[in-house]
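Structural characterization, general
Residues per chain are reported as follows:
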Amino acid sequence: MSAQDILVLGETKQGAPSDITLELAACARQLAAQTGGQAVVVLLGPEGKQAAVHVVGADRVLVIDDDALASYMPEPYVAVLSHLLESGKPRALLAGSTSVGLDVAPLLAARLNVPIIGGCQKIEAADGTLKVTASFCAGKMLADLEVSATPAVLVVLPGSYRAAAEGAAPQVETIRSPVPLEPGPVRFEQMILPAVADVDITQQDVLVAVGRGIQQQENLALAEELAEVLGGAVCASRPIVDQGWLPLTRQVGKSGMTVKPKLYLALGISGAPEHLEGIKGANLIIAVNTDPKAPIFDVAQYGVQQDLLDFAPALIETLRASKSEAV
Amino acid sequence: MNIAVVLRQVPDLIETLEIAGDGTCLDYGAARFIVNEWDNHALEQALLLKESRGGSVTVVALDFGEVDNTLYEASAKGADNIVKIPWDADQPPALRQAVALYAEVLRSIAAELILVGCQAHDELEGPLAPQLAFALKLPYVGVVRGVQPSDEPGSIRVFKEFPGAVVARMAVRLPALIGILAAEKAPRYVPVSRIRAAMKSTQIQEQEVSPPPTESLATVSRLYVPEAPQRAEMLEGSVEEVAERLYQILAEKGLVR
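Residues numbered from 1 in each chain as written. Chains lettered and ligands numbered in written order. Predicted model: local features only at pLDDT ≥ 70, side-chain atom pairs only at ≥ 80, totals over all residues. Heavy atoms only, no water.

1. A short note on the sheet that holds strand β4 (residues 39-44) of chain A
- One open sheet holds the 10 strands; their spatial order is β11(A)-β5(A)-β4(A)-β1(A)-β6(A)-β10(A)-β7(A)-β8(A)-β9(A)-β12(B), and the pairing between them is mixed. Every other strand in the sheet has two partners, leaving β11 (171-175) of chain A together with β12 (219-224) of chain B as the edge strands with one partner each. Each adjacent strand pair in this sheet contributes to an overall mean axis angle of 30 degrees, direction not counted.
- Across 5 bridges, strand β9 (residues 141-147) of chain A lies against β12 of chain B in antiparallel orientation. Bridged to Glu-146 of chain A within β12 of chain B is Thr-219 of chain B.
- Helix-sheet contacts for helix α3 (residues 74-88) of chain A involve β1 (6-9), β4, β5 (60-64) and β6 (92-96) of chain A, and the interaxial angle to β4 of chain A is about 155 degrees. (Pairing = 2+ DSSP bridges. Helix = DSSP H or I, 4+ residues; strand = E, 2+ residues; numbered from the N terminus. Axes fitted to C-alpha atoms, helices over the stretch in contact; angles between N-to-C directions. Contact = heavy atoms within 4.5 Å.)

What follows is the structure, encoded as structure tokens:
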């Protein structure tokens, strides 16, 4: 590894690199072209061997094949990556803004006393400096930052880079963990898969999504009625699920489901980057929000600046009236 | 179990955010503040654990924004001890400085479990919680949706969230710091009358901490409002007119009959 290389903390899912890993590989390749180094994806755990052959866009894939890395736990991940960063001294480590990345990246930065930037959307290297544009305040602000210290730990928002469609197969190297991995104070016990959902929102053509603007649990009935008239289902942004108003299986976004409906009607959803990540595949997005600056209007095709509690009943009435006329 | 919780103030995103004169940071003087929602979930989780297994909950907060209201509300909800760290500056501390401030106070509390929101929307230099865990030499797991007591003495069980509604159950030996995404239940509501009562009865302990030098390793050169490459076509008119127009759009696209 050289001081010009860009390392990627890769993640796998069912034997394949996750979407964010391929996006980070593309980002790393662009950066490595500017630094004169290589884009190196690190996959931790035995599953990495299977996933490595599906990585596109990187120059190299380094698989750390060790049973202690089979299930994610922060400590062994940080131990291995710290060693790689200290011994190889690459220019930067890219991690996704994911459940794993949000643990490992800051722990690494603290341990190595190196800079970390979260919410990265654009990264360029010039004159020995990394220039980063990062999202701030749930996408309502952007910050331009400069980092000179090496290595920089950069946490990249999913969707910021497009994965390479094709490319030369990267060179794959598989090694055992370069550091001893002893059992630590955190022990993985079990992966709990979602209970069979009453509705699989990933398969719905029409989704009525609710956010904080719904205000009260009782108001969910309005969304249910609208979904029924439209022939769809209700889903939600994270705060609604955190309130316990809908199950986790109805959550759309980074930690929930990725959906691809023909119609995504967003009611009272501001459009934080974590939520937008889950609706990239939606065909038509219509947003209803009282805040004209809500980021959801940046991705919606049509917008309605009204209180959903006023607008939804009017839309239900219009839809019902049109159905009556059609009969 | 003795639990400590960090409660931070963040700008309320419902309000318009202003940029300070030098163009590199928010104008916090013009902001309205709310408690960081993930910290609020951390407090709720701490209270749930205390109610199930006993112990105490100590809240630690920086004297910034409208923190006193937050602290009285925490007391009304059931927090036993409130510790406030004096902070006179117009801006919140940089992340590394915040880590040092909170770490010094939390070391003196010696809680078995520290719960902190796994993120805050005004963090540019990564989340506080894991960096605080490292400073305190404590094990860390973040993005956690629920913490439960364990049958194993000196341990807890945490439920770490992954995409696709998948959750990993992990055992964590105490002492530890956990980054909370959501409590097992929604944060409780307390009536204003109880908060008013707490304002009279709550003893807020101020703990002076010598501020460490600021040493951000990344430099902000510009802060700005993003310009969207595309904006939605806004439908104007009364609710009935907009509903009718939207119906027509949906009909044109074959999404309604």
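Resuming the write-up.
2. Some remarks on the domain arrangement of chain A
Residue and element names in this part refer to chain A.
- Annotation of chain A at the domain level lists domain 1 (6-175) and domain 2 (201-326).
- Distance from the C-alpha centre of domain 1 to the C-alpha centre of domain 2: 33 Å.
- Each partner contributes to the interface: domain 1 provides 11 residues, whereas domain 2 provides 8 residues.
- For the pair domain 1 and domain 2, the two sides together bury roughly 640 Å², of which 59% comes from carbon and sulfur.
- Its largest share of buried area at the contact with domain 2, domain 1 owes to Ala-138, Lys-140 and Pro-158, together 54% of the area lost on that side. (Domains from an automatic or database assignment. Buried area = accessible area lost by both parts, 1.4 Å probe.)

3. Observations concerning the interface of chain B and chain A
- Contact residues are listed per partner, giving 78 residues for chain B and 80 residues for chain A.
- Across the chain B/chain A interface, buried area totals approximately 7,200 Å², and carbon plus sulfur atoms make up 62% of it.
- Counting the contacts that link chain B with chain A gives 9 salt bridges.
- Linking Asp-144 of chain A and Arg-222 of chain B is a salt bridge whose minimum nitrogen-to-oxygen distance equals 3.4 Å.
- The interface formed by chain B and chain A includes 32 residue pairs in polar contact (both at pLDDT 80 or more).
- Split by residue class, the side of chain B that touches chain A holds 47 nonpolar, 13 polar and 18 charged.
- As paired strands, strand β12 (residues 186-192) of chain A and strand β9 (residues 166-173) of chain B are joined by 6 bridges and run antiparallel to one another. Residue pairing for β9 of chain B: Met-191 of chain A is matched across the bridge by Ala-168 of chain B. (Salt bridge = Lys/Arg side-chain N within 4 Å of Asp/Glu carboxyl O. Polar contact = N/O pair within 3.5 Å; in protein donor to acceptor, adjacent residues only side chain to side chain. Nonpolar A, V, L, I, M, F, W, Y, C, P; charged D, E, K, R; others polar.)

4. Notes on the pairing of β9 of chain B
Residues and elements named next belong to chain B.
- Most of β9 is tucked away: 7 of the 8 residues are buried.
- Bridging between strand β8 (residues 155-162) and β9 involves 8 bridges; their strand directions are antiparallel. Within the sheet, the bridge partner assigned to Lys-160 lies in β9 and is Ala-168.
- Between the antiparallel neighbours β8 and β9 lie 3 residues, among them Gly-164 with a positive phi of about 80 degrees. (Buried < 20%, exposed > 50% of the residue type's maximum accessible area, 1.4 Å probe, protein only.)

5. Some thoughts on the sheet that holds strand β15 (residues 263-267) of chain A
- On the basis of which strands lie adjacent, the open sheet formed by 6 strands has the order β14(A)-β13(A)-β15(A)-β16(A)-β17(A)-β13(B) and parallel pairing. Strands with a single pairing partner mark the edges of an open sheet, and in this sheet they are β14 (233-236) of chain A together with β13 (233-234) of chain B.
- Taken together, the 2 bridges between strand β17 (residues 302-304) of chain A and β13 of chain B define a ladder with parallel strand orientation. The residue bridging Tyr-302 of chain A from the neighbouring strand is Glu-233 of chain B, located in β13 of chain B.
- Together, β13 (206-210), β14 and β15 of chain A form the strand contacts of helix α5 (residues 220-230) of chain A, whose direction differs from that of β13 of chain A by roughly 170 degrees.
- This element, helix α6 (residues 239-252) of chain B, spans β15, β16 (284-288) and β17 of chain A of the sheet and lies at about 170 degrees to β16 of chain A.

6. With respect to the pattern of salt bridges
- Taken as a whole and judged by the stated rule, the model has 31 salt bridges over all chains.
- One salt bridge connects Glu-206 of chain B with Lys-84 of chain B, and the closest N-O pair in it is separated by 3.8 Å. With Glu-206 of chain B in strand β11 (residues 204-206) and Lys-84 of chain B in strand β5 (residues 81-85), this residue pair connects regions lying 122 residues apart in the sequence.
- The class of Glu-206 of chain B is partly exposed, set by a relative accessible area of 48%.
- Through salt bridges with shared partners, a single ionic network connects Arg-212, Arg-238 and Asp-242 of chain A together with Glu-37, Arg-145 and Glu-161 of chain B.

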